[in-house]
Amino acid sequence: MIEQFFQTGGYLIEKQENLYLLGDAILFLCFLIFVLYIFTFAVNSKRKPLYTYPIAKKKYRFAVLFPAYKEDIVILDSVNSFLRQEYPQELYDVIVISNQMTPQTVEDLKELPIQVVEMDSLKCTKIEALQKAIEYIEKENLKYDNIVVLDADNVVDPSYLSKINDALYAGCSVLQTHRVAKNRDSNVAVLDSISEEINNSIFRKGHTRLGFSSALSGSGMAFEYDLFKETIEKCSGIGEDKYMERILLFQNIYIEYLEDVYTYDEKVRGKKDFYNQRQRWLTTQFSNLFSGILKMPVAMLKGKWDYCDKLFQWMMPPRVLLLGFIILIAIILTILDFVASIKWWCLLILLGITFSIAVPDYLVDKKFKKAIISVPILFILMFLNVFRIGGKHFSHTQHSNKKS
């Protein structure tokens, strides 16, 4: 009887140990796939571009859209910056979609050589603002070949439209420019600027080097007019970039990345803004994942690999969570089972190599070394956001004209 009791106990202990080993192996395999995925594209981001675009023989007409919700502080500077384009001014119109801005700001905008479309909605999404712009263009019978979408805080170089025109003339239908930070004046902003460049290296430059589509960023985007009109009218809710990606990639429409065309974008400065912005992004990401995954079998059968790749991207945890969980698991296993922890430490090293490849050298400075101490806080905020997915959708990131 006693012998049988010990045999049963030994069996249960062995079973628990086997379950622990199986769980560790499955978890490690998932994280390994994610890390190898971003490592592959980070390495390929160092390859030379597949195409270069010569100067176009034709200059197209552009509508440049600035959705502006409560953006009194930054919108005038952004518009004035854009009006310094080298591109012929008669071939582009700046259209500001103004919502919840002061009468004085609206009057100041109307004094500029631009067009202002006024809205009055307490909770207007960017998608609704862009749809309103198209409605205005169609109603006024304005004719454009292409659309450029910018955020109210974005500033650009004088050659911006000319370079976009070259790529569109060469046959591109959709393209994403290189968004970079215009401020690094807080630890959060420094880390946000690094995150942006990691995205650029892996999901834009690395992807296009291997023949995949670039990811869209939400601003600094350009489209053929008819394609944009057709696509934005199908969008709803929040997260126009991911919504549009899902629609475009299912049609096998390629998204180009212009590495040498810069859109200077303001990065969030405070932890609260970071927390709310990432909650909105996570909600959008998983909403589009769940909506798009039903078409995955059809996409695979028809060889829509850009679409399948995009869905896989949306299955991945944000990089700060990826980094944080690998560190936590490695530490815990070091205490419980040192041998089992070795592979996790090796995975952490591989992830570190991936980030070092993806981050441009100019961002690794004193500000970066100082900002590292904020990484654990951002990990906690991102982890908490996992429990907020699908919650309150509408949130506005406050911008500033403060210089870094």
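The preceding data block contains the structure.
Just so it is clear, the structure is predicted and the values come from calculations on it, not from any experiment.

Draft legend 1. Layout of the overall build of the protein chain. Helices and strands together make up the secondary structure of the protein chain, namely 15 helices and eight strands. For the protein chain, whose C-alpha radius of gyration is 24 Å, the value lies close to the compact-globule estimate of 22 Å for 404 residues. When the backbone C-alpha atoms are referred to their principal axes, the protein chain occupies close to 95 × 45 × 40 Å. Expressed as a percentage of the 404 residues in the protein chain, the buried residues total 52%. A separation of at least 24 residues holds for 81% of the contacts in the protein chain among residues at least 6 apart in sequence.

Draft legend 2. Spatial organisation of the pattern of salt bridges. Following the criterion strictly, the structure yields 16 salt bridges and no others. Of the charged contacts in the structure, one is a salt bridge between Arg-179 and Asp-265, with a shortest N-O distance of 3.8 Å. On the criterion of sequence distance, the pair formed by Arg-179 in strand β6 (residues 174-181) and Asp-265 in strand β8 (residues 255-265) is long-range, its members being 86 residues apart. Both residues of the pair, Arg-179 and Asp-265, count as buried. The closest approach of N and O atoms between Glu-245 and Lys-310, which form a salt bridge, is 3.0 Å. Note that Glu-245 is positioned in helix α8 (residues 240-250) and Lys-310 in helix α11 (residues 305-315), a separation of 65 residues in sequence. Looking at Glu-245, the relative accessible area reads 2%, which means it is buried.

Draft legend 3. View of the pairing of β6. Burial of β6 is extensive: seven of the eight residues sit out of reach of the surface. As defined by bridge partners, β6 adjoins strand β7 (residues 221-224) across three bridges and the pair is classed as antiparallel. Each residue of the ladder has a partner; that of Val-174, found in β7, is Phe-223. Pairing between β6 and β8: eight bridges, direction parallel. Within β8, the residue paired with Thr-177 across the bridge is Leu-258.

Draft legend 4. Main features of unusual backbone geometry. The phi torsion at Lys-70 lies on the positive side, around 55°, for a residue other than glycine. By the element assignment, Lys-70 lies in the loop between β1 (62-69) and α2 (75-82).

Draft legend 5. Structural view of the packing of aromatic side chains. As enumerated under the stated definition, the model contains 14 aromatic pairs in all. For the ring pair Phe-250 and Tyr-307, a centre distance of 5.1 Å and an interplane angle of 70° mean the geometry is edge-to-face. Residue Phe-250 is found in helix α8, and its partner Tyr-307 is found in helix α11; the two are separated by 57 residues along the sequence. Aromatic rings pair up to connect Phe-34, Tyr-37, Phe-41, Phe-212 and Phe-312 into one cluster. We note Lys-343 situated over the ring of Phe-28; from NZ or CZ to the ring centre the distance is 5.7 Å.

What counts as what
Residues numbered from 1 in each chain as written. Predicted model: local features only at pLDDT ≥ 70, side-chain atom pairs only at ≥ 80, totals over all residues. Heavy atoms only, no water. Helix = DSSP H or I, 4+ residues; strand = E, 2+ residues; numbered from the N terminus. Rg over C-alpha atoms; globule rule 2.2 N^0.38 Å. Buried < 20%, exposed > 50% of the residue type's maximum accessible area, 1.4 Å probe, protein only. Contact = heavy atoms within 4.5 Å. Salt bridge = Lys/Arg side-chain N within 4 Å of Asp/Glu carboxyl O. Pairing = 2+ DSSP bridges. Phe/Tyr/Trp six-rings, centres within 6.5 Å; stacked < 30°, edge-to-face > 60°. Lys NZ or Arg CZ within 6 Å of the ring centre and 35° of its normal.

From the geometry alone we can't say anything about function, so treat these as descriptive.
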